[in-house]
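Here's the letter readout for the chains.
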Amino acid sequence: MYGVIMKYQVELNRNNEISLPDDLCRELNFVVGDILLCEKLDDTVAIVLSKHINQTLSDTEIESAGNLTRIILIKTEDVSME
């Protein structure tokens, strides 16, 4: 069903964003702008992130799908840890 399974534990920030370190993105072949499919695994708090088959979707199409997200760059000064 899924390719290589990696476990990476993160906490959602207050905007429900997940921080993906550069080394992890390189290993997963994720880059800024990629559209990811987010799937929740049954009976766990785990999610699976994988590249969506269509990388040409607009932001409106991503939002309307409900289970897609785009990788964005967040600078340290943009993050509020209150």
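Residues numbered from 1 in each chain as written. Predicted model: local features only at pLDDT ≥ 70, side-chain atom pairs only at ≥ 80, totals over all residues. Heavy atoms only, no water.

**As for the overall build of the protein chain**
Counting secondary structure elements, the protein chain contains two helices and three strands. Starting at the N terminus and ending at the C terminus, the protein chain contains elements arranged as α-β-β-α-β. Counting all 82 residues of the protein chain, 15% fall into the buried class. The long-range fraction of contacts in the protein chain, counting pairs at least 24 apart against all pairs at least 6 apart in sequence, stands at 37%. Carbon and sulfur atoms make up 51% of the accessible area of the protein chain, which totals about 7,000 Å². (Helix = DSSP H or I, 4+ residues; strand = E, 2+ residues; numbered from the N terminus. Buried < 20%, exposed > 50% of the residue type's maximum accessible area, 1.4 Å probe, protein only. Contact = heavy atoms within 4.5 Å. Areas by Shrake-Rupley, 256 points an atom, 1.4 Å probe, with all protein chains shown as cover.)

**Quick word on the environment of G33**
Along the chain, G33 falls in the loop between helix 1 (22–28) and strand 1 (35–40). According to the relative accessible area criterion, G33 is partly exposed, its value standing at 28%. A sequence separation of 36 residues divides G33 from T69, and the C-alpha atoms of the two residues are 9.5 Å apart. Sequence-distant contacts of G33, defined by excluding residues within four places in its chain, comprise Q55, R70 and I71.

**Considerations on the pattern of salt bridges**
Scanning the entire structure with this criterion turns up two salt bridges. Salt-bridge contacts for K51 lead to D34; the nearest nitrogen and oxygen are separated by 3.2 Å. In this pair, K51 is assigned in strand 2 (residues 47–51) and D34 in the loop between helix 1 and strand 1, connecting sequence segments 17 residues apart. One salt bridge in this structure joins D59 and R70, with 3.0 Å as the shortest N-O distance. You can see D59 sitting in helix 2 (residues 59–65) and its partner R70 sitting in strand 3 (residues 68–70), a full 11 residues away along the chain. For R70, a relative accessible area of 26% translates into the label partly exposed. (Salt bridge = Lys/Arg side-chain N within 4 Å of Asp/Glu carboxyl O.)

**Remarks on the confidence of the model for the protein chain**
Caution applies to low-pLDDT parts of the model: their predicted coordinates are not meant to be read in detail. Mean pLDDT over the protein chain: 83, with 85% of residues reaching 70 or higher. At the low end of the mean pLDDT range in the protein chain sits helix 1, at 86; at the high end sits helix 2, at 95. (pLDDT = per-residue confidence, 0-100.)

**Quick look at the pairing of strand 1**
Inspection of the sheet shows strand 1 paired to strand 3 by three bridges, in the antiparallel sense. In the sheet register, I35 faces strand 3, and the bridge partner there is R70. (Pairing = 2+ DSSP bridges.)

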